[in-house]
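# Breakdown of the fold
Given next are the chains, with one letter for each unit.
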Amino acid sequence: LQYSACIGLQEVVLFRSARVEKSYFSSPLLSPDKIKEQLWMGAEQGKRTDLPTVKVVGSWHEWLEQCSKELPLLAFHPDSAENFAHLPRSASQQPLNLVIGPEGGLLDGEVETLKRLPAKVLELGPQLLRTETAVVAAFSQLQLHRMLHNSG
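The present account deals with the structure reproduced in this document. (Residues numbered from 1 in each chain as written. Predicted model: local features only at pLDDT ≥ 70, side-chain atom pairs only at ≥ 80, totals over all residues. Heavy atoms only, no water.)

Spatially, three strands are ordered β4-β3-β5 in an open sheet, and the strand pairing comes out parallel. Every interior strand has two partners, whereas the edge strands, β4 (97-100) and β5 (119-122), have only one. This sheet shows a mean twist of 25° between the axes of neighbouring strands, independent of strand direction. Summarising the sheet, strand β3 (residues 73-76) and β5 pair through four bridges and their orientation is parallel. Paired with Ala75 across the two strands is Val121, which belongs to β5. (Pairing = 2+ DSSP bridges. Helix = DSSP H or I, 4+ residues; strand = E, 2+ residues; numbered from the N terminus. Axes fitted to C-alpha atoms, helices over the stretch in contact; angles between N-to-C directions.)

Shown next as structure tokens:
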């Protein structure tokens, strides 16, 4: 949450995919006060005054129902055969929903569901990243993609 606030994401939705432990959502760290504390620390680091909204959604299926279909979906999964080099120029020039799964990635069925939405599924590199690291890596690669395609 700190990184999300620091880099200026507008909204963070935490949902439970199959690889996320059920107990994760009963953690005291997800109390509204603790969430706000993490967001403020990130905003201070990033010299920002706006905080992302944070939603905690109980399940993958609930998230799918609530997911904004108006914005393109860009999902990240360690086993994807594509990366940012496969992303069309126009894809990064607009607001997006970024989907970052748990460490170890989403299940194959979850990835297939995302592709049918349709989502573009990319990998961030050969290594497995912690979720909070993947947020920063995805945002950084997206920013670089935007800069490269705006300068040409």
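The next point concerns the nonpolar core. Grouped together as the largest cluster of nonpolar side chains are 15 residues, with contacts concentrated most on Leu74, Phe76, Phe84, Leu87, Ile100, Leu122 and Leu124. Listed by contribution, the elements that provide at least two residues to this core are β3 and α5 (131-151). Per element, the largest residue contribution to this core is five residues, and it comes from α5. Setting aside anything within four residues of it in sequence, one finds Leu87 in contact with Leu74, Ser92, Lys120, Leu122 and His145. (Core = buried A, V, L, I, M, F, W, Y, C linked by side-chain atoms within 4.5 Å. Buried < 20%, exposed > 50% of the residue type's maximum accessible area, 1.4 Å probe, protein only. Contact = heavy atoms within 4.5 Å.)

Most peptide bonds take the trans configuration, and most residues that are not glycine carry a negative phi. Looking along the chain, the bond that leaves Leu117 and enters Pro118 is cis, with omega of 0°. Mapped onto the elements of the fold, Pro118 is located in the loop between α4 (108-116) and β5. Of note, Lys47 is a non-glycine position whose phi angle comes to about 55°, a positive value.

Residue alternation in β3 divides its side chains into two sets, Leu73 and Ala75 and Leu74 and Phe76, and both sets are buried. Pairing geometry for β3 and β4, over four bridges, is parallel. The residue of β4 that forms the bridge with Phe76 is Ile100.

All right, on to α4 then. For α4, every residue scored as buried is listed here: Glu110, Val111, Thr113 and Leu114. Down the axis of α4, the buried side of the element spans an arc of 160°, and every buried residue falls inside it. Exposed and oriented more than 90 degrees from the buried face of α4 are Asp108 and Arg116. Buried-residue contacts for α4 involve α3 (60-66), β3, β4 and β5. (Arc of directions from axis to C-beta.)

Bringing the pattern of salt bridges into the picture now. Per the stated rule, a full pass over the model turns up five salt bridges. Across the pair Glu11 and Lys55 runs a salt bridge, and its minimum N-O distance is 3.0 Å. Taken together, the positions of Glu11 in strand β1 (residues 11-15) and Lys55 in strand β2 (residues 53-57) put the pair 44 residues apart, joining distant regions of the chain. Salt-bridge contacts for Glu82 lead to Lys120; the nearest nitrogen and oxygen are separated by 2.7 Å. On the criterion of sequence distance, the pair formed by Glu82 in the loop between β3 and β4 and Lys120 in strand β5 is long-range, its members being 38 residues apart. (Salt bridge = Lys/Arg side-chain N within 4 Å of Asp/Glu carboxyl O.)

Its location among the elements puts Leu122 in strand β5. The exposure class assigned to Leu122 is buried, which follows from its relative accessible area of 0%. Excluding anything up to four places from it in sequence, Leu122 contacts Leu74, Ala75, Phe76, His77, Ser80, Glu82, Asn83, Phe84 and Leu87.

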